Amino acid sequence: MPSPRILILGATGGLGCALRRHFAPEYEVTSWSRAELDFGRPDTVAATLAAHDFDVLLNAAGMTSPDACEVQPELAFLANAVVPQILAECCHERGVRMIHFSTDYVFSGTGRDLWFESDETAPINVYGRTKLAGEQAVLRAAPGALVARVSWLFGPDKPSHPDSMIQKALQTGDLSAVADKISVPTSHADICGWIEQLIVRHPTISGVLHLCNSGVASWHSWAEAALTIAARLEVPVKTSRVQPVELASLTQLRAPRPLLTVMSNSKLQNLLGGEIRHWHDALEEYLVQKYQPQ
Ligand SMILES: NC(=O)C1=CN([C@@H]2O[C@H](COP(=O)(O)OP(=O)(O)OC[C@H]3O[C@@H](n4cnc5c(N)ncnc54)[C@H](OP(=O)(O)O)[C@@H]3O)[C@@H](O)[C@H]2O)C=CC1
Ligand SMILES: Cc1cn([C@H]2C[C@H](O)[C@@H](COP(=O)(O)OP(=O)(O)O[C@H]3O[C@@H](C)C(=O)[C@@H](O)[C@H]3O)O2)c(=O)[nH]c1=O
């Protein structure tokens, strides 16, 4: 059985880069950025896709800044819902698989400590609403597609919260981070491994699936964990203590953000068999590779 030919969208994004790096050595991989396929030009999507042979489409592209989405809702809807629907229609027509990435921000962030795939969604910002619309449009157009919800990504291909906190701590010992917003930091590398298993071992799994590490964190505890590991790796951070603040104090944010969006990964764990590691272990592995490469 030949290896599936993989088409990745979102080549310049954090997760898109990680997926390309993960699959390129063993698979025939094509990776498109905005230059090859512009989600701002929905009229070009079907023809562009038709001209390329592939067996699995991984859509890691989208308008991912909640604040940018809040002030440009039409663009957000185009990138996060309209184009994903067209992609799904094309994949369904060709009988090829689509894996579409979505977010924990489809949940309201109130009323539950843990969210399951079957739980009611109620996004509270434009980003979450357009991502949910994309999930529903993809599964309507391609019932065999897989929607992979992820949260709080980190990895070597694009700086995220732990990286920015370490960079700040190199300059100052006066740091703060939000302590009342809780979700699950998740490693790009782990997502790539899970996606490979879902492609190779579970080629027919469809619907919504949560892909996140185990454990929970706030932006505050995630930051302190990153700084503590960095200090142990002799990165010259000025502190590993961070002042806790409330999300409501971030008055500069344009989009409301849900507070509690911890997703259960039990469905993924049962599917793949075996323990899904804690986010702290994944973070430690990432920072060791970054600051103490072998
Ligand atoms: N980062 C996170 O913490 C989380 C991410 N997710 C989801 O995971 C997926 C990947 O996220 P992440 O890698 O962080 O995202 P990034 O913002 O790092 O990358 C997004 C990608 O989409 C591309 N893109 C944006 N607009 C367009 C457009 N109009 N046409 C074509 N391409 C476009 C970007 O291209 P360009 O570089 O040119 O802008 C970039 O390659 C997304 O679906 C996101 O919603 C979910 C939860 C958390
Ligand atoms: C983490 C953090 C962020 N910020 C600021 C930085 C930035 O301007 C703003 C938002 O930060 P972030 O981008 O990390 O948070 P946010 O934009 O909410 O990140 C989201 O990304 C999208 C793709 C998702 O799908 C969500 O799961 C979530 O990860 O809040 C703080 O001031 N303190 C903090 O502790």
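Remember, it's a predicted structure, so these values are computed and weren't measured experimentally.

1. Comments concerning the site of ligand 1
- In the region of ligand 1, 24 residues are neighbours, and Thr-12, Arg-34, Thr-64, Tyr-127 and Lys-158 sit closest.
- Between an oxygen atom of ligand 1 and a side-chain N or O atom of Tyr-127, the distance comes to 2.6 Å.
- When ligand 1 sits alone it has 890 Å² of accessible area, and the protein chains cover 81% of it.
- Looking at which element gives the most residues to the shell around ligand 1, the answer is strand β4 (residues 97-103), with 3 residues.

2. Notes on helix α4 (residues 73-94)
- Its 22 residues place the ends of α4 31 Å apart at the C-alpha level, agreeing with the 32 Å of an ideal helix rising 1.5 Å per residue.
- In α4, a bend of some 30 degrees at Ala-79 exceeds every other bend along the element.
- Considered for burial, the residues of α4 that qualify are Ala-76, Leu-78, Ala-79, Asn-80, Ala-81, Val-83, Pro-84, Ile-86, Leu-87, Ala-88, Cys-90 and Cys-91.
- Looking at the buried residues of α4, the elements they touch are β1 (6-9), α2 (45-50), β3 (56-59), α3 (66-71), β4 and α5 (126-141).
- Within two residues after α4, Gly-95 carries a phi angle of roughly 65 degrees, on the positive side.

3. A look at the UniProt feature "domain: RmlD-like substrate binding" (unreviewed entry) in the protein chain
- Look at the UniProt record and you will see "domain: RmlD-like substrate binding" (unreviewed entry) annotated at residues 5-289.
- Annotated as residues 5-289, this span is 41% helix and 15% strand, and its ends, taken at the C-alpha atoms, are 29 Å apart.

4. Observations concerning the environment of Cys-192
- Note on placement: Cys-192 falls in helix α7 (residues 188-200).
- With 171 residues separating them along the chain, Cys-192 and Arg-21 place their C-alpha atoms 9.2 Å apart.
- Look past the residues within four positions of Cys-192 in its chain and what remains in contact with it is Ala-18, Leu-19, His-22 and Phe-23.

5. Section: the packing of aromatic side chains
- Counted by the stated rule, this structure contains 7 aromatic pairs.
- Ring centres 5.3 Å apart and planes at 75 degrees place the aromatic pair Phe-23 and Tyr-27 in the edge-to-face group. For the pair Phe-23 and Tyr-27, one class covers both residues: buried.
- Relative to Trp-115, the ring of Phe-107 lies with its centre 4.7 Å away and its plane at 20 degrees, an arrangement referred to as stacked.
- Among the residues examined, Trp-115 registers a relative accessible area of 4% and is labelled buried.
- Here the guanidinium or amino end of Arg-112 rests over the ring plane of Trp-115, the centre of that ring lying 5.9 Å away.

6. Focus: the side chain of Ser-264
- Structurally, the position occupied by Ser-264 is in the loop between β12 (243-245) and α9 (266-272).
- Among the polar contacts made by the side chain of Ser-264, one reaches the side chain of Ser-266 at a distance of 2.8 Å.
- Not counting chain neighbours up to four residues away, the residues in contact with Ser-264 comprise Leu-114, Trp-115, Phe-116, Glu-117 and His-210.

7. Concerning the site of ligand 2
- Lining the immediate surroundings of ligand 2 are 14 residues, of which Thr-103, Asp-104, Tyr-105, Tyr-127 and Arg-257 lie closest.
- Val-178 places a main-chain nitrogen or oxygen 3.2 Å from an oxygen atom of ligand 2.
- Protein chains shield 70% of the accessible area of ligand 2, which is 690 Å² for the free molecule.

8. Structural notes on the side chain of Glu-117
- As for its placement among the helices and strands, Glu-117 is situated in the loop between β4 and α5.
- Buried and unpaired, Glu-117 has Lys-267 as its nearest opposite-charge partner, separated by 5.2 Å.
- Within the structure, the side chain of Glu-117 is placed 2.8 Å from the backbone nitrogen of His-210, a separation counted as a polar contact.

Definitions and limits used
Residues numbered from 1 in each chain as written. Chains lettered and ligands numbered in written order. Predicted model: local features only at pLDDT ≥ 70, side-chain atom pairs only at ≥ 80, totals over all residues. Heavy atoms only, no water. Near = heavy atom within 4 Å. Polar contact = N/O pair within 3.5 Å; in protein donor to acceptor, adjacent residues only side chain to side chain. Areas by Shrake-Rupley, 256 points an atom, 1.4 Å probe, with all protein chains shown as cover. Helix = DSSP H or I, 4+ residues; strand = E, 2+ residues; numbered from the N terminus. Expected span 1.5 Å × (residues − 1). Bend = angle between axes of the 7 residues up to and from the residue. Buried < 20%, exposed > 50% of the residue type's maximum accessible area, 1.4 Å probe, protein only. Contact = heavy atoms within 4.5 Å. UniProt positions renumbered as here; feature names shortened; annotations may be inferred. Phe/Tyr/Trp six-rings, centres within 6.5 Å; stacked < 30°, edge-to-face > 60°. Lys NZ or Arg CZ within 6 Å of the ring centre and 35° of its normal. Lys, Arg positive; Asp, Glu negative; His and termini not counted. Salt bridge = Lys/Arg side-chain N within 4 Å of Asp/Glu carboxyl O.

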